[in-house]
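# Commentary on secondary and tertiary structure
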Amino acid sequence: MQSVWALLSFGPDGWGDDLAYGVLVTVSLALVTLPLGLLIGFLVALAKQSGEASMRLAGNIYTTIFRGLPELLTLFLVFYGAQIGVQQLVRLVRPEAVVEINSFVAGMIALGVVFSSYASEVFLSAFRAIPRGQYEGGYSVGLSSRQTMRLVILPQLVRIALPGLSNLWLILLKDTALVSAIGLTDIVRQSSIAARVTKHAFMFFGVACLIYLALAIISSFGIGAIERWVGKREAQR
């Protein structure tokens, strides 16, 4: 029986290279999904506190749908459903064309919309925690709506929303494991392949657990550093 270190080593005889590539895919997916989810979540939060009833309704429908659907089902809908939809649209122009959606892109979109539905609630709560007088103070010194949002509201919004968004980041990091179901070679899929080939399932899935825990610990240190930096910036204002 091969030793543990031989199985986890780098090179042709070990699975270290494959696991490292899985880590790279997982972290890359989470990092590109984060700004997408934050942007959509922020826009949805603006819609949900809009003065127009249609905008509020659209925002509420969006969050209800994507918070209510299981993440894995959302992933399948994007990967398979969007591919069919795009295929039909392209065939209107080029009937012979074949469209395939990359599993990485599908994972980014699916996880991004799920993340944004929860992030919108965090942003909405942060908006409501900022006194109305802050807006009025910005307008009274001659700032436009955009300047008031950028210079007065956003710095406070980031500080208030950061703890909630930090938790969502950790959830997103774990949810990336779902993309293994559509063939993306993340940590879980690489561990699963190694487990089937070597018959050491407990060892490889145990290593996968340790990798995710390590990523969570590193994230916690990073989040702590960001919170301290935001606190210092707020104290200097």
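What counts, and at which threshold
Each chain has its residues counted from 1, running along the sequence as written. Side-chain atom pairs in this predicted model are given and counted only at pLDDT of 80 or more, local residue features only at pLDDT of at least 70, and totals for whole chains, interfaces and linings cover all residues. As a convention, hydrogens and water are excluded, and side-chain values are obtained from all of the structure's heavy atoms. By convention a nonpolar core is built from buried Ala, Val, Leu, Ile, Met, Phe, Trp, Tyr and Cys residues, the set being connected through side-chain atoms within 4.5 Å. The cut-offs for exposure are 20% and 50% of the maximum accessible area for each residue type, with area from a 1.4 Å probe on protein chains only; residues under the lower value are buried, those over the upper are exposed, and the others partly exposed. Helix numbers and strand numbers start at the N terminus; a helix is a DSSP run of H or I with at least 4 residues, a strand a run of E with at least 2. Whenever a carboxyl oxygen of Asp or Glu lies within 4 Å of a side-chain nitrogen of Lys or Arg, that contact is scored as a salt bridge. UniProt positions are given in the numbering used here, feature names are shortened, and annotations may be inferred rather than shown by experiment. Here a patch means residues that are over 30% exposed by relative accessible area and free of salt bridges, tied together within 9 Å if like-charged and within 5 Å if nonpolar (Val, Leu, Ile, Met, Phe, Trp, Tyr). Note on areas: these come from Shrake-Rupley sampling with a 1.4 Å probe, and a residue is covered only by the protein chains present in the view. Only heavy atoms enter the contact rule, under which two residues are in contact if any of them lie within 4.5 Å. Axis angles are defined between N-to-C directions and span 0 to 180 degrees, where every axis is a line fitted to C-alpha atoms and, for a helix, only to the segment in contact. Comment on the angle field: the value is read as roughly parallel under 35 degrees, roughly antiparallel over 145, roughly perpendicular from 65 to 115, and oblique elsewhere. In this scheme the handedness of a crossing depends on how the near helix is turned from the far one: anticlockwise by less than a right angle means left-handed, clockwise means right-handed. In this classification, the charged set is Asp, Glu, Lys and Arg, the nonpolar set is Ala, Val, Leu, Ile, Met, Phe, Trp, Tyr, Cys and Pro, and all remaining amino acids, among them Gly, are polar. For a helix, the expected span equals 1.5 Å multiplied by the number of residues minus one. Bend, in this description, refers to the angle at a residue between axes fitted to the seven residues ending there and the seven starting there.

### Focus: the nonpolar core
Within the largest apolar cluster, 48 residues are counted, with the highest numbers of intra-cluster contacts made by Phe123, Phe127, Ile153, Leu157, Leu165 and Phe204. Every element with two or more residues in this core is listed here: helix H2 (16-48), helix H4 (71-93), helix H5 (103-129), helix H7 (145-175), helix H8 (187-198) and helix H9 (201-236). Ranked by residues supplied to this core, first place goes to H7 with ten residues.

### A few points about the pattern of salt bridges
Within this structure, the stated rule accounts for two salt bridges. Residue Lys48 pairs with Glu121 through a salt bridge whose shortest N-O separation is 2.2 Å. Here the residue Lys48 occupies a position in helix H2, and Glu121 occupies one in helix H5, the gap between them amounting to 73 residues. Here Arg67 and Glu121 are joined by a salt bridge, their closest N and O atoms 3.4 Å apart.

### Some words on the UniProt feature "transmembrane region" (unreviewed entry) in the protein
Following the UniProt record, one finds the feature "transmembrane region" (unreviewed entry) at residues 20-47, 68-86, 106-130, 151-172 and 201-226. Structurally, residues 20-47 is divided into 100% helix and 0% strand, and its ends, taken at the C-alpha atoms, are 41 Å apart. Annotated as 89% helix and 0% strand, the span residues 68-86 places its first and last C-alpha atoms 25 Å apart.

### A closer look at a nonpolar patch on the surface
A cluster of nonpolar side chains, contributed by Leu57, Ile61 and Ile65, occupies part of the molecular surface with about 270 Å² of accessible area. Within the element layout of this structure, Leu57 appears in helix H3 (residues 53-68). By relative accessible area, which is 53% here, Leu57 ends up exposed.

### Describing the UniProt feature "domain: ABC transmembrane type-1" (unreviewed entry) in the protein
Mapped onto this numbering, the UniProt entry gives "domain: ABC transmembrane type-1" (unreviewed entry) at residues 23-223. Between the first and last C-alpha atoms of residues 23-223 the distance is 20 Å; the span itself is 83% helix and 0% strand.

### Focus: the environment of Tyr212
Topologically, Tyr212 is positioned in helix H9. Spatially, the C-alpha atoms of Tyr212 and Ala181 are 18 Å apart, while their sequence positions differ by 31 residues. The contact partners of Tyr212, leaving out residues within four places of it in the chain, are Thr26, Leu173, Thr176, Ala177, Asp186, Ile187 and Val188.

### Details of the environment of Ser103
Relative to the helices and strands, Ser103 resides in helix H5. Exposure remark for Ser103: the relative accessible area of 15% places this residue in the buried category. C-alpha of Ser103 to C-alpha of Val25: the two residues are 78 residues apart in sequence and 11 Å apart in space. Beyond its immediate stretch of four places on either side in the chain, Ser103 contacts Phe79, Ile182 and Leu184.

### Here's the deal with the packing of H2 against H5
Look at H2 against H5: their axes get within 5 Å of each other, and the N-to-C directions meet at 45 degrees. If you check the angle between H2 and H5, you find them oblique. Handedness of the H2/H5 crossing: right-handed. The residue inventory of the contact of H2 with H5, partitioned by class, reads 20 nonpolar, eight polar and two charged.

### Considerations on H7
Between its first and last C-alpha, H7 extends only 37 Å over 31 residues, short of the 45 Å set by a 1.5 Å rise per residue. Where H7 bends most, the angle comes to about 50 degrees, and this point is Leu162, followed within four residues by the proline Pro163.

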